[in-house]
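# Residue-level structural notes
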Amino acid sequence: MKTILAVVGGALALFLTIAMFGGAGWTHPPMAVKQTGFRGTGMDLIRTRAGNEALAEANRAPAPADPADAGGDKASAVYENVQVLGDLSAEQFNRLMVSITEWVAPQQGCTYCHSTENMASDELYQKRVARRMLQMTQTINSTWKENHVHEAGVTCYTCHRGNPVPANIWFDHPVQGAGRFIPRNNSQNIASPEVGNTSLPYDVYQAFYQHKETSEDAVRVNATTALPETKGKPIQDAEKTFAIMISMSQSLGVNCTFCHNTRSVAQWDTSTPNRVHAWYGIRMVRELNQDYMTPLTSTFPRNRLGVLGDAPKINCATCHNGANKPLNGANVIGPYPELSHPTISASLPTGEAKDPIPGTNTPTPKPTQP
């Protein structure tokens, strides 16, 4: 009996060995390793080659439109109600409008933002939102060029990818379990895709990405001294920090070592330059949400708002879409210099309609400074 078992065991071991080296699914796929930090520290980004190819393909920038003549009449002289791009020539203006249609609404076309009866009308909320989004894009490419987007810049396509609504937006979360007899769950213990389907706090975007006035040490939970000098932060804050770090890793398709030396996560002098870029990126997101997205709450219809009635907001994934550099780091702003600086700086219109909607007595609000 022992001899039979030994023979069967040996045959099974031989079969498994052959299957391991020659069978489909038993071999490791070709891997690609990229060093992101200091040599010898294990700061590497490891993906499959197929995964890298798929990610690169999903983040390919579209070809720019042919250049347009900068001479001739200005758009503001040719068309009515051009509040933001009036400094461009009419040809440049039309070129950009065609590009925006391809970037944002290729299926819907011009009528996604414009009324077919009166192209100059602000009747459709999409047009009023698009106007503010153009200003937001110009702000990103000018104010945040040095510290975050650099020479690559962003266009409408960076976030929209051919969709009227970007895939990666967020809304405020309602408090779960806050009834009279049910204790609050501290915004956690419910798996959320925003934090890697973990049970970590799922309201971290509200905590870290919503307001410019957020404390400078809101994310940091490590002590800055060898021995504690104050009471310190509770474990709940550490959980929120861990959650937002997971979210950022997902958004950029990287691991912790992309920014941190994991032997000493808190130290800046052993971190990579990517950590500095991320630091500024967090502050850029806060500014854009507070100055551009939240003020559009009254402009969006109810079906475009969250369950708490708040406007859609952005996070790191809105631009990055799983790549550490949006659109593989392509210079998308070079062919569209009109999106690299404000084209009209006198006043910044809000998302409210400037001209009355036909058939109503809606008054015309004056543009205000945000």
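This text goes with the structure placed above it.
Every chain is numbered independently, its residues counted from 1 as its sequence is written. Selection of residues for local features in this predicted model requires a pLDDT of at least 70, selection of side-chain atom pairs for listing and counting requires 80 or more, and totals for whole chains, interfaces and linings are taken over all residues. Only hydrogens and water are set aside when side-chain values are computed; all heavy atoms of the structure are taken into account.

## Overview of the overall build of the protein
Selection criterion: Helix and strand labels come from DSSP, where a helix needs a run of H or I of at least four residues and a strand needs a run of E of at least two; each type is numbered from the N terminus. In this scheme, a residue with accessible area under 20% of its type's maximum is buried, one over 50% is exposed, and one in between is partly exposed, where area comes from a 1.4 Å probe on protein chains only. In what follows, residue pairs with any heavy atoms lying within 4.5 Å of each other are defined as contacts. For the area figures, the Shrake-Rupley method with a 1.4 Å probe applies, and any residue is considered shielded solely by the protein chains shown.
From N to C terminus, the protein includes 11 helices and 4 strands. Split into buried and exposed, the 370 residues of the protein put 39% on the buried side. By sequence separation, contacts in the protein at least 24 residues apart represent 63% of the contacts at least 6 residues apart. Summed over all atoms, the accessible surface of the protein reaches about 20900 Å², with 58% contributed by carbon and sulfur.

## Brief notes about the environment of Pro201
In this structure, Pro201 sits in the loop between β3 (169-170) and α8 (204-208). Of the residues examined, Pro201 reaches a relative accessible area of 0% and is grouped as buried. Counting along the chain gives 15 residues from Pro201 to Asn186, while the straight-line C-alpha distance between them is 7.1 Å. With residues near it in sequence (within four places) discarded, Pro201 still touches Asn186, Ser187, Gln188, Val195, Glu239, Lys240 and Ala243.

## Here we look at the pattern of salt bridges
What counts, and what does not: The rule for a salt bridge is simple: a side-chain nitrogen of Lys or Arg has to be within 4 Å of a carboxyl oxygen of Asp or Glu.
Summed over the entire model, instances satisfying the criterion amount to 9 salt bridges. Note that Glu57 is salt-bridged to Arg60, the shortest N-O span being 2.9 Å. Residue classification places Arg60 among the partly exposed positions, given a relative accessible area of 48%. Among the salt bridges present, the one from Glu216 reaches Arg283, with a minimum N-O distance of 3.1 Å. Here Glu216, found in the loop between α8 and α9 (235-252), pairs with Arg283, found in helix α10 (residues 273-293); they are 67 residues apart in sequence, far enough to count as distant.

## So, α9
Keep this limit in mind: A helix is expected to span 1.5 Å for every residue after the first.
The terminal C-alpha atoms of α9, which comprises 18 residues, lie 26 Å apart, in line with the 26 Å expected from a rise of 1.5 Å per residue. Among the structural elements, β2 (44-48), α8, α10 and α11 (316-320) are those in contact with the buried residues of α9. Once α9 ends, the next one or two residues include Gly253, with phi positive near 65°.

## Concerning unusual backbone geometry
Although it is not a glycine, Asn81 adopts a positive phi angle of roughly 60°. By the secondary structure assignment, Asn81 is in the loop between α3 (75-78) and α4 (90-104).

## What to know about the packing of aromatic side chains
Selection rule: Two rings belonging to Phe, Tyr or Trp (six-membered ring only in the last case) form a pair when the distance between their centres is within 6.5 Å. Interplanar angles under 30 degrees mark stacking, angles over 60 mark edge-to-face geometry, and anything in between is tilted. Throughout this description, the term charge over a ring refers to an Arg CZ or Lys NZ atom that lies within 6 Å of the ring centre and within 35 degrees of the ring normal.
Scanning all chains against the criterion turns up 6 aromatic pairs. Plain terms: the ring middles of Tyr205 and Tyr209 are 5.3 Å apart, the flat faces sit at 25° to each other, and that makes the pair stacked. As far as burial versus exposure is concerned, Tyr205 and Tyr209 are alike and both buried. Of the aromatic side chains, those joined through ring pairs into one cluster are Trp170, Tyr205 and Tyr209. Looking at Arg283, its charged tip hangs above the ring of Trp279, at a distance of 3.6 Å from the centre.

## A few points about the pairing of β2
What counts is decided by this rule: Paired strands are those between which DSSP finds at least two bridges.
The alternating pattern of β2 places Leu45 and Arg47 on a buried face, while none of Asp44, Ile46 and Thr48, on the opposite face, is buried. Where strand β1 (residues 31-35) and β2 come together, 5 bridges link them in antiparallel fashion. What sits directly across from Lys34, in β2, is Leu45.

## What about the state of the cysteines?
In a disulfide, the sulfur atoms of two cysteines are held together by a covalent bond. To be explicit about the condition: Count a disulfide wherever a pair of cysteine sulfur atoms falls within 2.5 Å.
Taken as a whole, this structure holds 0 disulfides when the rule is applied. We note that Cys110 lacks a disulfide partner, and the nearest cysteine sulfur, in Cys113, lies 9.0 Å from it. The structure places no disulfide on Cys156, whose sulfur is separated from the nearest cysteine sulfur, that of Cys159, by 8.8 Å.

## Observations regarding the packing of helix α5 (residues 125-143) against α10
Our working rule: Lines are fitted to the C-alpha atoms to define the axes, a helix being fitted only along its stretch in contact, and any angle between axes, read from their N-to-C directions, falls within 0 to 180 degrees. For classification, angles of less than 35 degrees are called roughly parallel, those exceeding 145 degrees roughly antiparallel, those between 65 and 115 degrees roughly perpendicular, and all remaining angles oblique. Rotating anticlockwise by less than a right angle from the far helix to the near helix defines a left-handed crossing, while the corresponding clockwise rotation defines a right-handed one.
Two numbers describe how α5 lies on α10: the axes approach to 11 Å, and their chain directions differ by 155°. In terms of axis orientation, α5 runs roughly antiparallel to α10. Pair α5 / α10 crosses with right-handed handedness. The residues of α10 that touch α5, namely those facing Arg132, Met133, Gln135, Met136, Thr139 and Ile140, are Met284, Glu287, Leu288, Asp291, Tyr292 and Met293.

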